[in-house]
Amino acid sequence: MSKRIKKIVLTVVVVLCVYFLFFPSITPQLAVRKQLLISFHPIKAVTSEVLQGKIKNDPKYGNLYEVADPDITESFIYVKKSGFGWRVTSVGSAP
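Because the structure is a prediction, the values reported are computed rather than measured. (Residues numbered from 1 in each chain as written. Predicted model: local features only at pLDDT ≥ 70, side-chain atom pairs only at ≥ 80, totals over all residues. Heavy atoms only, no water.)

**Notes on the pattern of salt bridges**
- Scanning all chains against the criterion turns up two salt bridges.
- Measuring nitrogen to oxygen at the nearest pair gives 3.2 Å for the salt bridge that ties D69 to K44. Pair noted here: D69 is in the loop between strand 2 (63-68) and strand 3 (76-81) and K44 is in helix 3 (residues 42-47), with a separation of 25 residues, a long-range link.
- We classify K44 as partly exposed; its relative accessible area is 23%.
- Within this structure, K44, D69 and D71 form a network of salt bridges that share partners. (Salt bridge = Lys/Arg side-chain N within 4 Å of Asp/Glu carboxyl O. Helix = DSSP H or I, 4+ residues; strand = E, 2+ residues; numbered from the N terminus. Buried < 20%, exposed > 50% of the residue type's maximum accessible area, 1.4 Å probe, protein only.)

And the structure:
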(Lines give C-alpha, C1' and ligand atoms only; values in the text may rest on other atoms or scores of the structure.)
Protein backbone atom coordinates (compact mmCIF):
# COMPACT_ATOMS: atom_id res chain seq x y z
CA MET A 1 0.00 0.00 0.00
CA SER A 2 1.24 3.46 -0.77
CA LYS A 3 1.70 6.14 1.86
CA ARG A 4 -1.25 8.10 0.51
CA ILE A 5 -3.66 5.18 0.89
CA LYS A 6 -2.35 4.45 4.39
CA LYS A 7 -2.98 8.07 5.41
CA ILE A 8 -6.51 7.98 3.99
CA VAL A 9 -7.31 4.71 5.78
CA LEU A 10 -5.86 6.00 9.06
CA THR A 11 -7.84 9.24 8.75
CA VAL A 12 -11.08 7.37 8.12
CA VAL A 13 -10.48 5.07 11.11
CA VAL A 14 -9.71 8.03 13.40
CA VAL A 15 -12.80 9.94 12.25
CA LEU A 16 -15.02 6.89 12.80
CA CYS A 17 -13.57 6.32 16.28
CA VAL A 18 -14.13 9.95 17.25
CA TYR A 19 -17.68 9.82 15.89
CA PHE A 20 -18.41 6.56 17.71
CA LEU A 21 -17.06 7.79 21.05
CA PHE A 22 -18.29 11.38 21.15
CA PHE A 23 -21.56 11.53 19.22
CA PRO A 24 -24.97 10.05 20.11
CA SER A 25 -25.82 6.56 18.88
CA ILE A 26 -28.34 5.47 16.27
CA THR A 27 -30.16 3.00 18.55
CA PRO A 28 -30.59 2.81 22.34
CA GLN A 29 -28.93 -0.62 22.45
CA LEU A 30 -25.88 0.78 20.69
CA ALA A 31 -25.73 3.62 23.23
CA VAL A 32 -25.74 1.05 26.05
CA ARG A 33 -23.02 -1.00 24.36
CA LYS A 34 -20.94 2.15 23.82
CA GLN A 35 -21.27 2.93 27.54
CA LEU A 36 -20.02 -0.57 28.36
CA LEU A 37 -17.10 -0.11 26.00
CA ILE A 38 -16.17 3.23 27.55
CA SER A 39 -16.46 1.82 31.09
CA PHE A 40 -13.76 -0.81 30.36
CA HIS A 41 -15.95 -3.81 29.52
CA PRO A 42 -15.05 -4.26 25.83
CA ILE A 43 -15.85 -7.98 25.62
CA LYS A 44 -19.08 -7.55 27.60
CA ALA A 45 -20.07 -4.70 25.26
CA VAL A 46 -20.17 -7.18 22.40
CA THR A 47 -21.39 -10.36 24.12
CA SER A 48 -23.88 -9.20 26.78
CA GLU A 49 -27.61 -9.12 26.19
CA VAL A 50 -29.24 -5.69 26.44
CA LEU A 51 -32.86 -5.80 27.60
CA GLN A 52 -35.39 -2.98 27.59
CA GLY A 53 -36.57 -2.13 31.11
CA LYS A 54 -40.05 -1.32 32.37
CA ILE A 55 -39.48 2.41 32.71
CA LYS A 56 -40.13 4.30 29.46
CA ASN A 57 -40.33 8.00 28.62
CA ASP A 58 -39.15 9.24 31.99
CA PRO A 59 -39.01 13.04 31.52
CA LYS A 60 -35.66 13.39 33.28
CA TYR A 61 -33.74 10.23 32.35
CA GLY A 62 -35.47 8.61 29.35
CA ASN A 63 -35.81 4.85 28.85
CA LEU A 64 -34.34 2.19 31.12
CA TYR A 65 -32.18 -0.61 29.69
CA GLU A 66 -30.66 -3.50 31.60
CA VAL A 67 -27.51 -5.45 30.82
CA ALA A 68 -28.13 -9.12 31.56
CA ASP A 69 -24.69 -10.00 32.94
CA PRO A 70 -23.99 -10.70 36.64
CA ASP A 71 -20.35 -9.53 36.35
CA ILE A 72 -21.30 -5.92 35.58
CA THR A 73 -22.12 -3.97 38.74
CA GLU A 74 -23.71 -0.96 37.05
CA SER A 75 -26.10 -2.85 34.81
CA PHE A 76 -29.04 -0.39 34.72
CA ILE A 77 -28.57 2.30 32.11
CA TYR A 78 -30.94 5.11 31.15
CA VAL A 79 -30.82 6.41 27.60
CA LYS A 80 -32.60 9.41 26.16
CA LYS A 81 -33.21 10.47 22.57
CA SER A 82 -31.77 13.79 21.53
CA GLY A 83 -31.87 15.57 18.20
CA PHE A 84 -28.89 13.60 16.88
CA GLY A 85 -29.57 10.16 18.38
CA TRP A 86 -29.55 8.24 21.66
CA ARG A 87 -27.23 9.10 24.56
CA VAL A 88 -26.71 7.67 28.03
CA THR A 89 -28.08 9.90 30.78
CA SER A 90 -27.55 7.79 33.89
CA VAL A 91 -25.84 4.56 34.95
CA GLY A 92 -26.41 2.68 38.19
CA SER A 93 -26.77 -0.61 40.03
CA ALA A 94 -30.55 -0.34 40.47
CA PRO A 95 -33.34 1.83 39.06
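Alright, that's what it looks like, and here's the rest.
**A look at a nonpolar patch on the surface**
- Residues L10, V14, V18, Y19, F20, L21, F22, F23, I26, L30, L37 and I38 make up a contiguous nonpolar surface patch of about 1100 Å² in total accessible area.
- Contributing elements (two or more residues each) for the nonpolar patch: helix 1 (3-22) and helix 2 (28-38).
- A per-element tally of the nonpolar patch places helix 1 first, with seven residues.
- Within the secondary structure, L37 sits in helix 2. (Patch = residues over 30% accessible without salt bridge, like charges linked within 9 Å, V, L, I, M, F, W, Y side chains within 5 Å. Areas by Shrake-Rupley, 256 points an atom, 1.4 Å probe, with all protein chains shown as cover.)

**Notes on the pairing of strand 3**
- Bridging between strand 2 and strand 3 involves four bridges; their strand directions are antiparallel. Opposite N63, over in strand 3, you have V79 as the bridge partner.
- Bridge count between strand 3 and strand 4 (residues 86-92): six bridges; the pairing is antiparallel. Its bridge partner being in strand 4, F76 is matched across the sheet by G92.
- The hairpin turn running from strand 3 into strand 4, its antiparallel successor, is four residues long, and G85 in that turn takes a positive phi close to 160°. (Pairing = 2+ DSSP bridges.)

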